[in-house]
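Here is how the chains run, residue by residue.
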Amino acid sequence: MTEQEFEQLNSIQADTTLKFIGEKVIRGERISPEEGIILFEKGSLSWLGSLANHVREKLHGNKTYFNRNFHIEPTNVCVFSCKFCSYSKLYAHKEEGWELTTEQMLDIVKSYDGQPVTEVHIVGGVHPKLTLEFFADLLRQIRAHRPDLHIKGFTPVELDYMFRKAKVSAEEGMKYLQEAGLQSLPGGGAEIFHEEIRKQICEDKVDAEGWLHIHRVAHQLGMHTNATMLYGHIEEYRHRIDHMERLRQLQDETGGFNTFIPLKFRNKDNEMSHIPESSIVEDMRMYAVARIYMDNFPHLKAYWPMLGRNNAQLTLSFGVNDIDGTIDDSTKIYSMAGSEEQNPTMTTTELVNLIRQVKREPVERDTLYNIIKDYSLA
Ligand code: V47
Ligand code: SF4
């Protein structure tokens, strides 16, 4: 939709507050937290979608990014007890979980020898035996075997635990891992920052301050990172806006975030199974408000293994410009939480077609959004 077309649509918007917010967004002005809440409360799906699409097309045109990646999940044994987690086995029941050795993880990396993957994403539970030194050694070995592979790994939940155990500061710990080969941080562990919600769904792991501090330190060391938000459970709109506001402020300070990733809560086999999942309409409204609100985040990602590929495709009309990567059936977090993608894997051709079907332009990127191949030129 062109600026003129949106202006036309906005001029028939009956709600004067929404009309005012729409005009601000069109002028490229930042909206306030109060205005963000109004968008959630009053914005219709079609109006929010058009506004978010306007922002998306101003930033990226039709370009829609994906990468070739795989995950390593070192363990699902975890000392924490997040109520939404369908994946972890408490340390007390560690024999029911899995725990990979360094050799097994290197074998996973080696199984991609000769294949054009560009990123490995390492994330898992927090196992007390897997220390800072253990992971630094793993990073060095991956780097030595495949120097061209970008290593994105560990959430502040894992990092905070390993740094505290090793009795090092976040600055010392991050520098040590960076020297061992860590290049960026994924967005996990953020959930909902607000204390009122955090204490109900994941009270024992790193808090908002700790999460933001580790990302700040990573940015100061020159790393780029992502940020997630787990939405659609017990939080209210004001908690979502508070979460996005804290991220927007850190981004103003450092500029180190690449991508914001709203993660839809899935309710299978966890302690929050009684909470219904959000509707697809609510999901699309979430993506649209995120694109409008997070004005200093370059990219908005829909993670297809969690949403399902058809819904991920739909998000491309609601502000999203990135749908993650090929994955190659290497993650269990979402299949265990009830996603329709039980063995998430898509070939590059499938990803390209998914994007083309909705008239967008597929672009293969690396982790830092350098273009590897622009399929619209092919
Ligand atoms: O932090 C756990 C989420 C996250 C459930 O940075 C759940 O590119 C929904 O952060 N329902 C980890 N979500 C995964 C993650 C991620 C994924 C893909 C790409 C990137 C990136 C990051 O998974 C956790 C938590 O918020 N999660 N259980 C659940 N039942
Ligand atoms: Fe552990 Fe992460 Fe699951 Fe929480 S979400 S229990 S930290 S694996």
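Being a predicted model, the structure only gives us computed values, none of them experimental.

Participant: Explanation requested: the site of ligand 1 in the structure shown.
Facilitator: Within the structure, ligand 1 sits among 24 residues, and Lys152, Gly187, Gly189, Glu191 and Lys301 are positioned closest to it. Glu191 is positioned such that a nitrogen or oxygen atom in its side chain is 2.4 Å from an oxygen atom of ligand 1. Between ligand 1 and Asn226 there is a distance of 3.1 Å, counted from an oxygen atom to a side-chain nitrogen or oxygen. Put simply, the parts of the chain that give the shell around ligand 1 at least two residues each are strand E8 (224-231) and strand E9 (257-264). Grouping the amino acids of the shell around ligand 1 by side-chain chemistry returns ten nonpolar, eight polar and six charged.

Participant: I'm lost on helix H2 (residues 16-26) in this one. Help?
Facilitator: Every α-helix carries 3.6 residues per turn, so stepping three or four residues along brings you back to the same face. What H2 keeps buried is the set Leu18, Ile21, Gly22, Lys24, Val25 and Ile26. The secondary structure elements touched by the buried residues of H2 are helix H1 (3-11), helix H3 (33-42), helix H4 (45-60) and helix H12 (280-293). Its side-chain oxygen placed 2.9 Å from the backbone nitrogen of Thr17, Asp15 serves as the N-cap of H2. Gly28 sits one or two positions beyond H2 and adopts a positive phi of about 80 degrees.

Participant: Would you explain the UniProt feature "domain: Radical SAM core" (unreviewed entry) in the protein in this entry?
Facilitator: Sequence positions flagged by UniProt for "domain: Radical SAM core" (unreviewed entry) are, in local numbering, residues 64-298. The span residues 64-298 is 41% helical and 16% strand by assignment, and the distance between its end C-alpha atoms comes to 12 Å.

Participant: Which parts of the structure should I look at to understand the packing of aromatic side chains?
Facilitator: Any two aromatic rings considered together are summarised by their centre-to-centre distance and by the angle between their planes. This model, assessed by the stated rule, comprises twelve aromatic pairs. Ring geometry for Tyr87 versus Trp98: centroids 5.6 Å apart, planes at 80 degrees, classification edge-to-face. Residue Tyr87 is located in the loop between strand E3 (77-78) and strand E4 (89-90), and its partner Trp98 is located in the loop between E4 and helix H5 (102-110); the two are separated by eleven residues in the primary sequence. Taking the centre distance of 6.4 Å and the plane angle of 15 degrees together, the rings of Trp211 and Phe257 count as stacked. Of this pair, Trp211 sits in helix H10 (residues 208-220) while Phe257 is found in strand E9, placing the two residues 46 residues apart along the sequence. Residues Trp211 and Phe257 agree in their burial class; the two are buried. Aromatic rings pair up to connect Phe193, Trp211, Phe257, Phe260 and Phe297 into one cluster. Looking at Arg248, its charged tip hangs above the ring of Tyr293, at a distance of 3.9 Å from the centre. Between Arg365 and the ring centre of Tyr369, over which it is positioned, the NZ or CZ distance is 4.3 Å.

What counts and what doesn't
Just so you know, the residues in each chain are numbered from 1, in the order the chain's sequence is written. Whichever chain is written first becomes A and whichever ligand is written first becomes 1, with later ones labelled in order. Side-chain atom pairs in this predicted model are given and counted only at pLDDT of 80 or more, local residue features only at pLDDT of at least 70, and totals for whole chains, interfaces and linings cover all residues. Values shown for side chains rest on all heavy atoms present in the structure; no hydrogens or waters enter the calculation. The nearness test applies per residue and asks whether one of its heavy atoms lies within 4 Å of the molecule or strand. For this analysis, a polar contact is any N or O atom pair within 3.5 Å, provided that within protein one partner can donate a hydrogen and the other can accept it, and provided that sequence-adjacent residues contribute only side-chain to side-chain pairs. Secondary structure counts use DSSP, requiring at least four H or I residues in a row for a helix and at least two E residues in a row for a strand, with both numbered from the N terminus. Under this grouping Gly is polar, as are all residues other than the nonpolar Ala, Val, Leu, Ile, Met, Phe, Trp, Tyr, Cys and Pro and the charged Asp, Glu, Lys and Arg. Relative accessibility thresholds used throughout: buried, under 20% of the residue-type maximum; exposed, over 50%; partly exposed, between the two (1.4 Å probe, protein chains only). Between two residues, a contact is recorded if the distance between any of their heavy atoms is within 4.5 Å. UniProt positions are given in the numbering used here, feature names are shortened, and annotations may be inferred rather than shown by experiment. Here is the rule: rings of Phe, Tyr and Trp (six-membered ring for Trp) pair when centre to centre is within 6.5 Å. Planes less than 30 degrees apart are stacked, more than 60 are edge-to-face, and the remainder are tilted. Charge over a ring is defined by NZ of Lys or CZ of Arg lying within 6 Å of the ring centre and within 35 degrees of the ring normal.

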